[in-house]
Each structure stands twice: as C-alpha cells, then as structure tokens.
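# Residue-level structure breakdown
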Amino acid sequence: IDTANAPIFGIDKNGCVNEWNQKSASLTEYSVQEVIGKPLVESFISHDFKESVKLVLDKALQGIDTASFEFPLFTKTTKRRVDLLVNANPRRDASGAIVGVVGVGQDITAKRRAMDADAQLSRSRASNEAKSQFLANMSH
C-alpha cells in the first residue's frame, strides 16, 4: 500500500487519518507524520467540500461503498488544489466489524484542468459567434 502508484488513505471510526501512503504524501506535500491522527475532513478538506466528503466517509462507515467520488485536497505549501477520483470503502477487522474507511484514489488534476479549459474555450467561441451574428444582423 505504501509504495502504490495511487493515493491511498485511511481513517478510523472517528474520521482521523490512520493510513497515508507515499503517493498521498507526494501529491499533497503532507508527510505521514503530519497527517496521522488528525481529522481528515476538518484538517485537509476545503470548506466548500467538507459536507460532501464527510457524507461519503460517513456512508462508508455505515457499510456503503462509494465509487468515483471527486475528492479535492489542497497542497501544504502552495494550497494548490489536487483533484482525486476516489473509491471509499469500509475497512473491516477480522470479525467483519467496520473499523474505518479506506480510500483509493486516482489523481485527475490534469484531466480536470483540461476539461475546465475546454469548457472555457467553448464558452468563448459561443460568445464570439453570437457577437458575429449580432453584428452581421445589424449591418444588414
């Protein structure tokens, strides 16, 4: 888990981080020592997303998996947003009791930025086309 090429994190039943692999650390600039034992949502999720992330994690603590959930984190030094696509699953002990949540993610930051740029380009083209149509109609 620690050397996997995907960000993997875990929380206990209280929402505190108990797993943080090397990929999570490199993406966010937060070391394992800085995050272990800290409440994930309160400490590392921006205000805008706290409610939705907490809801997904609470569902997993109730035994409900969530697949392909967009999960934003922010880097330590630059506060740059890192977009993850996460599967959140209950973590169970040997007896089957839920003891936390494990999240396995995929960094989609570059993909998200490309999609946002494409959307902006489409809006700009539509605006320019509307202006051109307006001017063409006004000149006739």
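Whatever comes next refers back to the structure up there.
This is a predicted model, so every value here is computed, not measured. (Residues numbered from 1 in each chain as written. Predicted model: local features only at pLDDT ≥ 70, side-chain atom pairs only at ≥ 80, totals over all residues. Heavy atoms only, no water.)

## Considering the pattern of salt bridges
Here is the rule: For this analysis, a salt bridge means a side-chain nitrogen from Lys or Arg found within 4 Å of a carboxyl oxygen belonging to Asp or Glu. A run of DSSP states H or I qualifies as a helix once it reaches four residues; a run of E qualifies as a strand once it reaches two. Both are numbered from the N-terminal end. In this scheme, a residue with accessible area under 20% of its type's maximum is buried, one over 50% is exposed, and one in between is partly exposed, where area comes from a 1.4 Å probe on protein chains only.
On inspection of all chains with the given rule, the structure shows four salt bridges. We note a salt bridge from Glu34 to Lys76, for which the minimum N-O separation is 2.3 Å. Of this pair, Glu34 sits in helix 2 (residues 32-35) while Lys76 sits in the loop between strand 3 (66-74) and strand 4 (81-92), and the two are 42 residues apart along the sequence. Using a relative accessible area of 33% as the deciding quantity, one classes Lys76 as partly exposed. Lys54 is paired through a salt bridge with Asp58; the nearest N and O atoms lie 3.0 Å apart.

## Concerning the side chain of Thr28
For clarity, the cut-off: Under the rule applied, a polar contact is a pair of N or O atoms within 3.5 Å (in protein, one hydrogen donor and one hydrogen acceptor; residues adjacent in sequence only if both atoms are side-chain atoms). Every residue pair with non-hydrogen atoms within 4.5 Å of one another is taken to be in contact.
Mapped onto the elements, Thr28 comes out in helix 1 (residues 22-28). Of the residues examined, Thr28 reaches a relative accessible area of 2% and is grouped as buried. Looking at Thr28, its side chain comes within polar contact range of the main-chain nitrogen of Tyr30, at 3.2 Å. Beyond its immediate stretch of four places on either side in the chain, Thr28 contacts Trp20, Leu73, Phe74, Thr75 and Lys76.

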